[in-house]
Amino acid sequence: MSLELFDEAATRQPPRAEQIGPQTFVLRAFALPFIDDLLPPLRAVLKAAPLRRMMTPGGQTMSVALSNCGQLGWTTDTHGYRYTPLDPRTGQPWPALPEAFQRLAHDAAALAGFADFTPDACLINRYVPGARMSLHQDRNERDYSAPIVSVSLGLPAMFQMGGQQRSDRPVRVPLLHGDVMVWGGVDRLRFHGVLPLREGVHSVMGAQRINFTLRKAG
Ligand code: MD6
Ligand code: FE
């Protein structure tokens, strides 16, 4: 990449973008202007494909409850982790990816230097107090060249951004209602997780945190 292109990319970051890796940005409050367009379709998705606690291949029930929308949805059971076009609970296709989700993901990705992001999968995670996500890599997607756009709603969470090895010491990044994180490129396979959610009640979302991540899975 030429120096000029690099400088241009750097100056395109809005004032509230925090860089936490070479290709990882937290866009503080980026989703807030979209909230009224995000919540009604989110509710409709979760009505058609209710949140459920899934089992890991190791036989543990996850503390986080999951659902999906888009052409592909991420699932786990005793046979492993994978993306499927159908909700295993209902046998029906996952609900369509709402247009407002696609627009938010495209715009956030572009700000972080990933042009033309067209997600085909959206994993929705719901945390209640005490729920956590242990350190993991996201490696079930076919193409690691696309970024992941992650939207946080509701109670604050402490995100852990680790390195390329599980043993690399993670950096803690607080994620608040409306924050959007975008990461890809050289950071795409970094280990990451979420510390146990603390008790609380959020004025809009109640006693929970919802995180949804837009991906190119297929
Ligand atoms: C969460 N997020 O924030 C969990 N994975 O609740 C993830 O596991 C995640 O935020 C890949 C990319 C972005 C993420
Ligand atoms: Fe992840």
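Basis of the calculations
- Residues numbered from 1 in each chain as written.
- Chains lettered and ligands numbered in written order.
- Predicted model: local features only at pLDDT ≥ 70, side-chain atom pairs only at ≥ 80, totals over all residues.
- Heavy atoms only, no water.
- Pairing = 2+ DSSP bridges.
- Helix = DSSP H or I, 4+ residues; strand = E, 2+ residues; numbered from the N terminus.
- Axes fitted to C-alpha atoms, helices over the stretch in contact; angles between N-to-C directions.
- Buried < 20%, exposed > 50% of the residue type's maximum accessible area, 1.4 Å probe, protein only.
- Core = buried A, V, L, I, M, F, W, Y, C linked by side-chain atoms within 4.5 Å.
- Contact = heavy atoms within 4.5 Å.
- Phe/Tyr/Trp six-rings, centres within 6.5 Å; stacked < 30°, edge-to-face > 60°.
- Lys NZ or Arg CZ within 6 Å of the ring centre and 35° of its normal.
- Near = heavy atom within 4 Å.
- Polar contact = N/O pair within 3.5 Å; in protein donor to acceptor, adjacent residues only side chain to side chain.
- Areas by Shrake-Rupley, 256 points an atom, 1.4 Å probe, with all protein chains shown as cover.
- 1 Å grid on protein atoms, 1.4 Å probe; cavity = no way out; pocket = protein on both sides within 12 Å on 5 of 7 lines; lining within 4 Å.
- Sits in = over half its atoms within 2 Å of the grid points.
- Nonpolar A, V, L, I, M, F, W, Y, C, P; charged D, E, K, R; others polar.

1. With respect to the sheet that holds strand β8 (residues 133-136)
Okay, step 1: Read across the open sheet, the four strands follow the order β8-β13-β10-β11; overall the sheet is antiparallel. Lying at the two open borders of the sheet, with one neighbouring strand each, are β8 and β11 (171-175). If you compare each strand with its neighbour and ignore which way they point, the axes differ by 20° on average.
Okay, step 2: Where β8 and strand β13 (residues 192-194) come together, two bridges link them in antiparallel fashion. Within β13, the position partnered with M133 by the bridge is V194.

2. Remarks on the pairing of strand β9 (residues 148-154)
Okay, step 1: Of all seven residues in β9, seven are buried; the element is thus mostly enclosed.
Okay, step 2: Sheet analysis places β9 next to strand β14 (residues 209-215), joined by six bridges and oriented antiparallel. If you follow V149 over to β14, its bridge partner there is L214.

3. Some details on unusual backbone geometry
Okay, step 1: Look at A29: it is not a glycine, yet its phi comes out positive at around 65°.
Okay, step 2: Topologically, A29 is positioned in the loop between β2 (24-27) and α2 (35-48).
Okay, step 3: Within the chain, D116 stands out as a residue other than glycine whose phi angle is a positive 60°.
Okay, step 4: By the element assignment, D116 lies in the loop between α3 (99-111) and β7 (121-127).

4. Observations concerning the environment of G59
Okay, step 1: Following the sequence through the fold, G59 ends up in the loop between β3 (52-55) and β4 (61-70).
Okay, step 2: Each C-alpha atom, one on G59 and one on K216, is 27 Å from the other, the two residues being 157 residues apart in sequence.

5. Let's talk about the nonpolar core
Okay, step 1: Judged by nonpolar contacts, the single largest core of 35 residues is most densely connected at F101, I124, V149, L153, V180, F212 and L214.
Okay, step 2: Elements with a minimum of two residues in this core: β2, α2, α3, β7, β9, β12 (180-183) and β14.
Okay, step 3: Once residues within four sequence positions are removed from consideration, L214 is found in contact with L97, F101, A105, F117, P119, A121, C122, P147, I148 and V149.
Okay, step 4: Ranked by size, the runner-up nonpolar core spans 24 residues in total, among them V26, M161, V173 and A217.

6. Looking at the packing of aromatic side chains
Okay, step 1: Applying the stated criterion across every chain yields a total of four aromatic pairs.
Okay, step 2: Centroid distance W74 to Y81: 5.4 Å. Interplanar angle 25°. Geometry classified as stacked.
Okay, step 3: Ring centres of F101 and F212 lie 4.5 Å apart, and the angle between their planes is 15°; on these two criteria the pair is classed as stacked. Of this pair, F101 sits in helix α3 while F212 sits in strand β14; the two residues are 111 residues apart in sequence, bridging distant segments of the chain. Like F101, the residue F212 is buried in the burial classification.
Okay, step 4: Taking NZ or CZ as reference, R209 lies 5.0 Å from the ring centre of Y127, over its face.

7. Comments concerning the site of ligand 1
Okay, step 1: Neighbouring ligand 1 are 14 residues; Y127, S150, W183, H192 and R209 lie closest to it.
Okay, step 2: N211 places a polar side-chain atom, nitrogen or oxygen, 3.3 Å from an oxygen atom of ligand 1.
Okay, step 3: In isolation ligand 1 has 350 Å² of accessible area, and contact with the protein removes 99% of it.
Okay, step 4: Cavity membership is defined here by more than half of the atoms lying within 2 Å of grid points; on that basis ligand 1 lies in the largest pocket.
Okay, step 5: Looking at the shell around ligand 1, the elements that each hand over two or more residues are β7, β9, β13 and β14.
Okay, step 6: Each residue belonging to the shell around ligand 1 can be placed in one class, and the counts come to five nonpolar, six polar and three charged.

8. Focus: the sheet that holds β4
Through backbone hydrogen bonds, the strands of a sheet pair up, either in parallel or in antiparallel fashion.
Okay, step 1: Here we have eight strands laid out as an open sheet, ordered β1-β2-β12-β9-β14-β7-β4-β3, and antiparallel in their pairing. Two strands in the sheet have a free side with no partner beyond their single neighbour: β1 (17-21) and β3. Taken pair by pair, the neighbouring strands of this sheet meet at an average axis angle of 30°, ignoring direction.
Okay, step 2: Here β9 pairs with β12 via four bridges, running antiparallel. Bridged to I148 within β12 is W183.

That is the geometry; function is a separate question.
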